[in-house]
Structures are given as structure tokens and as C-alpha cells.
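What follows is each chain in one-letter form.
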Amino acid sequence: MTAETVIFEREGPIGRLRLNRPAKLNAQTPQMWAELRELGRTLRDEPDLRCLVVRGEGRAFSSGIDLAEITGQDGLGAAQVAPGAGVDRLVAMIRQGQEAFSWLVDAPFASIAAVRGYALGAGLQLALACDLRIAARTTQLGALEFRYGLLPDLGGTAWLPRLVGPARAKELVFTAARIDAEEALRIGLVNRVVEDAELDAAVGALAETIAAQPPLALRHAKRAIDAFADQERSLQLAAEGQAACLRSEDFIEAGQAFREGRAPVYRGR
């Protein structure tokens, strides 16, 4: 894939996705969202990808949207898109924009956001789309959309309550407050806080641990956990996933590896 605002690299079963606008603190643009959507479509067909690390190039994960790009002549031009009969074109455009992040939620592999500097607005929403979030200690996070007369429309309203609960999510959104990494850890917004210099090593070690796990089991466990709000659906997905695992070559390999005292070699089938 040829892209300008994102970089994707592959190291065996681990992929590394970097937002590539460091001079703008990786502020997001329609071009970046289009490139993220295209990358998502490409990675759906990568059967050997086990874990994806998402980070920002330079000193920030992402400072949010680039307002100059969004409101400019080449941006969404939202003010010019009036409601019309039938399909609301602006709603359709926003729904398309959501696909830049939502593929991470639906992906069959795990994803980790390596968050440093700033994860604000759309930057926070991108981190929320990942399965796990590891933050550098000096990171600032916040849903700042209310400051611009907007709301978190790229997935934040769906994913933030899952992590911190609806009341806490409303407080964060309604106040447009910035919080530090320690507070984010306290309320469950991030999984772990590490020293800034240790972020890459900590995320790399976690990615390697996850990449070594049975991919079929991970895929089904992720689906069942994500459906936790609907107990019956979560239980059904867990049962279906477990049946697939019990019938898999990976399950046989796990047993053989245990008996032979070696690490299993999983193939996702």
C-alpha cells in the first residue's frame, strides 16, 4: 500500500502502524482516514498477522483532528453539506470516516496503542479502537470535541463507556477535560503506564507475548469479550469459538508441545 500519512511495517507476525505527520503532532486529516481505511481492508487478508502496534511518529500519538484541513476547502466542507431528502450525505460521510478506526475493533488479531505525548480528540478515539493501551507517563489524554462544538463521532461514544462506564464517559466528554496517564490508569482507560523511555520496549514485549498465543483462540476470545454487554450473545460466541478451537490443528499442537516440553507453533487453523 502506498500512503503518505501512515506507515505500515511488518516484522513476522507483528505489524507496526505509525501515524506520519509528526510536524503536526499527527493531527488527523481526511487523507489519513482514507489511508487507514485502505490499510484495514488490506490487513483483513493477512492470515499470519497476530498483533498490530499503533503509534504516532515523533513526540505525540495524535493531537486530534487537523481543524484547518477539516474545515478548509479540501476538507469535509461540513457547513456546505445541508440535510437532504433520503440519505443525509453528511451522516454518510461521517459513517465512512468511522471506518478508519472501526476495523481495528473487528480485526481478527490483537492491537496495542503505544500512547505518548498527546492522545486527544480523534487521537484518543483511535487509541480506544485498539484492544489494549500502554501509555507513557507524561501522556495527556482527553475527549476535547466539546471545545469545538462537536462530539466524539469516530467511535468514542461506543468504546469509551466500555472501558470506564457510561457515567465516567459522560464526565470526560461533557467537560472536555485533559487527564494524565496516572488518572487514565486509575479509571481503566489505559492498561499500563510506563516511563517514557520504556514505552517502546514495553509495547514490543507485550506484542511478542500476544503474537505467540494461539490465533484462533485469540480471535474467538476477542469476539466473545467484545460482546460482554449482551450476556447470551457473549456465551454463544464463546461456545462457538471453543468448539472451533477444540476441532483445530492448533489444539492438537498445543497438546503435543506440552507433552514434548517445547513451545507450541500455532498456525491459526
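See the structure above.
K.L.:
How would you explain the overall build of the protein if you had to name every residue and give the values?
P.N.:
Helix and strand counts for the protein come out as 11 helices and 9 strands. For a compact globule of 269 residues, the expected C-alpha radius of gyration is about 18 Å, and the protein comes in at 19 Å, within 12% of that figure. Among the 269 residues that make up the protein, the fraction classed as buried is 43%. Look at the contacts in the protein between residues 6 or more apart in sequence, and 68% of them connect residues 24 or more apart. Accessible surface for the protein amounts to roughly 13900 Å². Of this, 53% is attributable to carbon and sulfur atoms. Of the charged side chains in the protein, 32 are positive and 35 negative; the average position of the first set lies 2 Å away from that of the second.

K.L.:
Could you give me a rundown of the layout of surface pockets, with the residues and numbers involved?
P.N.:
One simple way to see leftover space: roll a probe sized like a water molecule over the atoms. Volume-wise, the second largest pocket comes out at about 450 Å³. Elements with a minimum of two residues in the lining of the second largest pocket: helix 4 (122-129), strand 6 (132-136), helix 5 (156-164) and helix 9 (215-226). When residues of the lining of the second largest pocket are assigned to their parent elements, the largest contribution, 5 residues, is made by helix 9. Of the residues in the lining of the second largest pocket, the class split is 13 nonpolar, no polar and 5 charged.

K.L.:
Describe in detail the nonpolar core, supporting the description with residues and values.
P.N.:
In this structure, L36, F101, W103 and L189 are the most contacted members of the largest nonpolar core, which totals 47 residues. The element that contributes the greatest number of residues to this core is helix 4, accounting for 6 residues. Not counting residues within four places of it along the chain, the set of residues in contact with F101 comprises Q28, W33, L36, A122, Q125, L126, A129, L154 and W159. Among the nonpolar cores identified, the runner-up in size contains 17 residues, and L199, V203, L206 and I210 belong to it.

K.L.:
Can you tell me about the pattern of salt bridges, naming the residues and giving the values?
P.N.:
Per the stated rule, a full pass over the model turns up 15 salt bridges. Between E11 and R16 there is a salt bridge, with its nearest N and O atoms 3.3 Å apart. One network of salt bridges, in which partners are shared, links E9, R18 and E57.

K.L.:
Describe in detail the packing of helix 5 against helix 6 (residues 166-175), supporting the description with residues and values.
P.N.:
Where helix 5 meets helix 6, the axes come as close as 7 Å, and the angle between the chain directions of the two elements is 125 degrees. Between helix 5 and helix 6, the crossing angle belongs to the class labelled oblique. Crossing hand, helix 5 versus helix 6: right-handed. Here L160, P161 and V164 of helix 5 lie close against helix 6, whose contacting residues are P166, R168, A169, L172 and V173. For the contact of helix 5 with helix 6, the class distribution of residues is 7 nonpolar, no polar and 1 charged.

K.L.:
Now, about the pairing of strand 3 (residues 51-56): what can you tell me, with residues and values included?
P.N.:
For a regular strand, side-chain orientation follows a simple rule: the groups alternate between the two sheet faces. Of all 6 residues in strand 3, 5 are buried, a share of seventy percent or more. Here 6 bridges tie strand 2 (residues 14-19) to strand 3, and the two strands are oriented parallel to one another. In the sheet register, L17 faces strand 3, and the bridge partner there is V54. Pairing geometry for strand 3 and strand 4 (residues 110-115), over 4 bridges, is parallel. Opposite V54, over in strand 4, you have A113 as the bridge partner.

K.L.:
Help me get a handle on the packing of aromatic side chains, residues and values and all.
P.N.:
Within the structure shown, the criterion is met by 1 aromatic pair. Measuring from ring centre to ring centre gives 6.0 Å for F146 and F174, while their planes differ by 20 degrees; the resulting arrangement is stacked. Of this pair, F146 sits in the loop between strand 7 (140-142) and helix 5 while F174 is found in helix 6, placing the two residues 28 residues apart along the sequence. Look at F146 and you get partly exposed, because its relative accessible area is 38%.

K.L.:
Which residues make up the sheet that holds strand 5 (residues 118-120), and what values do they have?
P.N.:
The mixed open sheet is built from 3 strands, whose spatial order is 5-7-8. The open sheet is flanked by strand 5 and strand 8 (178-180), the only strands paired with a single partner. Averaged over all pairs of adjacent strands, the angle between strand axes in this sheet comes to 20 degrees, irrespective of strand direction. Bridge count for strand 5 against strand 7 is 3 bridges, and the pairing is parallel. Counted as the bridge partner of Y118 is Q140 from strand 7. Together, strand 5 and strand 7 form the strand contacts of helix 4, whose direction differs from that of strand 5 by roughly 95 degrees.

Procedures and definitions
- Throughout, a residue's number is its position along its own chain's written sequence, starting from 1.
- Since the coordinates come from a predicted model, pLDDT governs what is reported: local features require at least 70, and pairs of side-chain atoms require 80 or more to be given and counted, while whole-chain, interface and lining totals use all residues.
- Side-chain figures throughout are based on the complete set of non-hydrogen atoms in the structure, without hydrogens or water.
- Strands here are runs of E lasting at least two residues and helices are runs of H or I lasting at least four, both read from the DSSP assignment and numbered beginning at the N terminus.
- We compute the radius of gyration from the C-alpha atoms alone; for a globule the expected value is 2.2 Å times N to the 0.38, where N is the number of residues.
- Throughout, exposure labels follow a simple rule: accessible area from a 1.4 Å probe, protein chains only, divided by the maximum for the residue type, with under 20% read as buried, over 50% as exposed, and the rest as partly exposed.
- Contact definition: two residues touch when any of their heavy atoms are within 4.5 Å.
- Computed with the Shrake-Rupley method and a 1.4 Å probe, the accessible areas treat only the protein chains shown as cover for residues.
- When charges are counted, neither His nor the chain ends are considered; positive counts come from Lys and Arg and negative counts from Asp and Glu.
- A charge is said to be at NZ when it belongs to Lys, at CZ for Arg, at CG for Asp and at CD for Glu.
- Using a 1 Å grid laid over the protein atoms alone, points where a 1.4 Å probe fits but cannot get out form a cavity; open sets with protein on both sides within 12 Å along at least 5 of 7 lines form a pocket; any residue with an atom within 4 Å of a point counts as lining.
- Grid points are joined across faces, edges and corners, and a volume is the space filled by probe spheres set on the points.
- Each residue receives one of three labels: charged for Asp, Glu, Lys and Arg, nonpolar for Ala, Val, Leu, Ile, Met, Phe, Trp, Tyr, Cys and Pro, and polar for the others, Gly being one of them.
- Think of a nonpolar core as a cluster: buried Ala, Val, Leu, Ile, Met, Phe, Trp, Tyr and Cys residues, connected wherever their side-chain atoms sit within 4.5 Å.
- Criterion for a salt bridge: a side-chain nitrogen of Lys or Arg within 4 Å of a carboxyl oxygen of Asp or Glu.
- Inter-axis angles, ranging from 0 to 180 degrees, are taken between N-to-C directions of lines fitted to C-alpha atoms, where helices are fitted over the stretch in contact.
- Any angle that is under 35 degrees is reported as roughly parallel, and any over 145 degrees as roughly antiparallel; angles of 65 to 115 degrees are reported as roughly perpendicular and all others as oblique.
- In a left-handed crossing the near helix is turned counterclockwise from the far helix by less than a right angle, and in a right-handed crossing that turn is clockwise.
- At least two DSSP bridges between two strands are needed for those strands to be called paired.
- Between 30 and 60 degrees the pair is tilted, below 30 it is stacked and above 60 it is edge-to-face, where a pair is any two Phe, Tyr or Trp rings, Trp via its six-membered ring, whose centres lie within 6.5 Å.

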